Every structure is written in C-alpha cells, then in structure tokens.
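Structural overview
The lines below spell out each chain.
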Amino acid sequence: MSRARTLAQVYRDFGEVDAAPTSPLYHRIAVALSESAEALRAIEAAPARKRHPTVILAALHDLALAGRAPALAAAYAAADRDAAAGAAVETLVHMTDSVVATAVRRPMRADQTGRCTVLYPAIAEAARRVGAERIALIDVGCSAGFDLTVDRVGITYSNGQFLGDPSSPVQLSSSIVGDRPLPTRAMPEVVARVGIDLDPVDVTDADEARWLRACVWPDQPERVARLDAEIALAATEPPLLLRGDAVEVLPDAFARVPADALPVVTTTWALSRLPLESRLRFLHRLDNAAAGRAVAWVSAEGVGVAPSIPTLGDRRASGHSIIGLVVFDASTLRAEAIGRCWSRGRLLSWLTGS
C-alpha cells in the first residue's frame, strides 16, 4: 500500500505540476490513473525504472496509434479529456502485459527539435575555416537522425536572419540573444550522413516512427505536425546508422567519409552521458582521425562537459550550454567557444566574428 500511495502521488504530481500547463489531456489522465487502485497495480507490473508517467503514457499512446486501443485513440482524436481518462484506465487494466512490454522494450525519445538552429551556423563556420566545399556529417547520439538533416531545414531567427531552405517542410525558429549577428553563409554540399547511437531510430521503420510519435503528447498538435515533417524529411534521404558506443564506432564512421569531404562531427547534449574518461577518449579519436585530413567537431554541451572547449568563465549547471568548434588539422588543434544557447537552441547568442 505504501508503494501504491507513493506511485499515486507521483502520477498526481505529474498531472497537476508537469502536464497541466501544456497538456490538459495528460493532466486529466494522470490524475485519473493516480485515483485508480487497479491502474496503479497494473503500473507496478512494470520494472521500477519504467513506471514513470511519461513512459506509461507513451506506451498507451503507442497502442492507440497502432489501432490496438480504439477507444483511447478516439478520445485522443476528439481531445475528450474525460473519455480519454476512462479509456486510459481501462486500456491499462485490460492490456497490462502489452503496455508493460512496450514500456520495457522502448526507450523514451526526447524532442530533438531546435538543435539545427545551433548546428547550421556552426557547421557552416567550420567549413569556412577549413575551406571545405564538401562536408560529411557524423552525428554522435543521433537517435532518429534529425540533426543530420540540418542543411535541409529552414531557420528563422528573431533578428530577421534566415538560414537554410525556405521551401523545406521543416521550419524552425530561434531567438537571438545579444546584438551580434550570425554568419549568413550557406552550408556546403553534404555528401554523407552518418549517425552513431547505442539505439538509433530508423525512421523508415513504421514501428519505430510510431514510437517517436507516441512520445509526443497527443494534444500538442504543433509538436505532432513538426515531428511528422521531420520524420518525412529524414526518410527521404535516410542516414547510415551505426549502432554502438561512439568512442568505439567513430573510426568506422570516418571510414565512410569520401576523401575529398570534410568530416564534421556533431554532438548535441550527448557527451554528458559519458564519463570524463570516455569524453577524453572521444577527443583522442578525433585527433587520430585528423592524422591524414582535417576534421571538425561542433558541439552544444553543458558548461564544462565538452573537453577542450573554453567555458568562458561560466559556472557549471548554469542553465545554458556552450557552442563549441574544434578544428583538428594535422598536429594542430584549434578550439573555440563560438556561442551560448538555452532551451536546446530556442535561444542563441553568437560570440565570434563572421
């Protein structure tokens, strides 16, 4: 009973604190689950690490999207909070094994939207410094590979600048902090796209694409539409996905890059999951790859996370991230902090000259 009461409080708090401001649907469902003893017992059938509301709600959403929970799907489509709450409890109680199996099998997928707002100007700057006319993108921690479409999106900045493709189905925006403009040069031709992840997502696989959608709250239509556009864009030119530890897989990724292209490695909030020793080995891998060619690394990581990137005197865990650019050329390593960003790219401050 103590565990049940604790779990009930977790779900109530999630509904009233986390979901209420942006998702009335999930607010109502989470509170309903917190008040149902049967639903709480069903949730407890999942391993402890898989009982969090976001995981269970995503698993229920996946069943609805797959057509296996039609009442829940209909309630979501109608944005009927009371019907959705009742259907969620019923689905969880009567399809416990399916909900738990989905929750256990599938890792939660974070919203990746916005990262290209940071990556586009930084990658273009890397290419300019090396004089590269062709580049190859290698994204570490790629998940669904949306960062690898960076040259194919359109980005509007609050100061009136625009980068990318105005006709792209994926249009992003970012607010500029400060008065320094972004460099306006276009990104060179991208001739290879390689993603590295412990568990990459193949967006051409219907089940994997559906799970990405399931992780988005169903009553947030703008996020749903943006994700659908991102999935469609990535699927038109799927990247090469390499599964495994980044430090171990990087040499294979570099081997896939044409000799006349500049490899640009990107990390966006990926290195914080690695211990310091692995981050230093990652840096060493990049240095080794530059023995016979120039290599660039563009990073957006928390203050002090990316080795060799200056912290500008900023405090760790200060609420923003540093945009770093490192160019490895033979025995020379040039590292610079070229910007700061907040909210995964929704706000951006450019620091270097254009």
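Refer to the structure above for everything that follows.
Owing to the predicted nature of the structure, the values given are computational and were not obtained by experimental measurement. (Residues numbered from 1 in each chain as written. Predicted model: local features only at pLDDT ≥ 70, side-chain atom pairs only at ≥ 80, totals over all residues. Heavy atoms only, no water.)

1. Considering the overall build of the protein chain
- Scanning the protein chain for helices and strands turns up twelve helices and eleven strands.
- A globule of 354 residues ought to have a C-alpha radius of gyration of about 20 Å, and the protein chain, at 22 Å, matches this closely.
- If you take every contact in the protein chain between residues at least 6 apart in sequence, the share linking residues at least 24 apart comes to 70%.
- Of the roughly 15100 Å² of accessible surface on the protein chain, a fraction of 50% belongs to carbon and sulfur atoms.
- With 38 positive and 41 negative side-chain charges, the protein chain shows a separation of 4 Å between the mean positions of the two kinds. (Helix = DSSP H or I, 4+ residues; strand = E, 2+ residues; numbered from the N terminus. Rg over C-alpha atoms; globule rule 2.2 N^0.38 Å. Contact = heavy atoms within 4.5 Å. Areas by Shrake-Rupley, 256 points an atom, 1.4 Å probe, with all protein chains shown as cover. Lys, Arg positive; Asp, Glu negative; His and termini not counted. Charge placed at Lys NZ, Arg CZ, Asp CG, Glu CD.)

2. Brief notes about the nonpolar core
- Ile123, Ile135, Leu137, Val150, Val264, Val298 and Leu348 are the most contacted members of the largest nonpolar core, which has 39 residues in total.
- By residue number, the principal contributor to this core is helix H8 (residues 115-130), which donates eight residues.
- In contact with Val264, not counting residues within four places along its chain, are Ile123, Ile135, Ala136, Leu137, Ile138, Ala296 and Val298.
- Core analysis: the second largest hydrophobic core is formed by 35 residues, Ala30, Ala64, Ala75 and Leu92 among them. (Core = buried A, V, L, I, M, F, W, Y, C linked by side-chain atoms within 4.5 Å. Buried < 20%, exposed > 50% of the residue type's maximum accessible area, 1.4 Å probe, protein only.)

3. Things to note about the packing of helix H5 (residues 70-78) against helix H6 (residues 81-94)
- Relative orientation of the contacting elements H5 and H6 amounts to 155°, with a least axis distance of 8 Å. The pairing of H5 with H6 is recorded here as roughly antiparallel in orientation. In the packing of H5 onto H6, the handedness of the crossing is left-handed. From H5, Ala71, Leu72, Ala75 and Tyr76 reach across to H6, where they touch Ala83, Ala84, Ala87, Ala88 and Thr91.
- Among the residues forming the contact of H5 with H6, the class breakdown is eight nonpolar, one polar and no charged. (Axes fitted to C-alpha atoms, helices over the stretch in contact; angles between N-to-C directions. Parallel < 35°, antiparallel > 145°, perpendicular 65-115°, else oblique. Left-handed = near helix turned anticlockwise from the far one by under 90°. Nonpolar A, V, L, I, M, F, W, Y, C, P; charged D, E, K, R; others polar.)

4. Observations concerning the sheet that holds strand E1 (residues 134-140)
- Ordered by their spatial adjacency, eleven strands build an open sheet running E3-E2-E4-E11-E10-E9-E8-E7-E1-E5-E6, and the pairing between neighbours is mixed. Edge strands, defined here as strands with exactly one partner in the open sheet, are strand E3 (162-164) and strand E6 (240-243). Between one strand axis and the next, the sheet turns through 25° on average, direction left out of account.
- Contacts between helix H11 (residues 246-255) and the sheet are confined to E1, strand E5 (189-197), E6, strand E7 (262-268) and strand E8 (295-302), with E5 contributing the most and set at about 155° to the helix.
- Sitting on the sheet, helix H12 (residues 276-289) is in contact with E1, E7, E8 and strand E9 (321-329), with an inclination near 165° to E8. (Pairing = 2+ DSSP bridges.)

5. Overview of H5
- Of all the positions in H5, only Leu72, Ala75 and Tyr76 are classed as buried. Taken end-on, H5 shows its buried residues confined to a sector of 100°, consistent with a single buried face. With respect to the buried face of H5, the exposed residues turned more than 90 degrees away are Pro70, Ala71, Ala77 and Ala78.
- Where H5 is buried, its residues contact helix H2 (24-34), helix H4 (53-65) and H6.
- Remark: Ala79 follows H5 within two positions and exhibits a positive phi of approximately 55°. (Arc of directions from axis to C-beta.)

6. Brief notes about the packing of aromatic side chains
- What the rule picks out here adds up to three aromatic pairs.
- With 5.8 Å between their ring centres and 70° between their planes, Phe14 and Trp217 make a pair best called edge-to-face. Here Phe14 is found in helix H1 (residues 2-19), whereas its partner Trp217 is found in the loop between helix H9 (206-214) and helix H10 (221-236), with 203 residues between them in sequence. Considered together, Phe14 and Trp217 belong to a single accessibility category, that of buried residues.
- The class of Trp217 is buried, set by a relative accessible area of 14%. (Phe/Tyr/Trp six-rings, centres within 6.5 Å; stacked < 30°, edge-to-face > 60°.)

7. Digging into the pairing of strand E2 (residues 154-157)
- The pairing of E2 with E3 spans three bridges and is antiparallel. Each residue of the ladder has a partner; that of Thr156, found in E3, is Phe162.
- Hairpin remark: E2 followed by E3, antiparallel, with four residues in the connecting loop; positive phi at Gly160, about 95°.
- Sheet analysis places E2 next to strand E4 (residues 171-176), joined by four bridges and oriented parallel. The partner of Tyr157 across the bridge, within E4, is Ser174.

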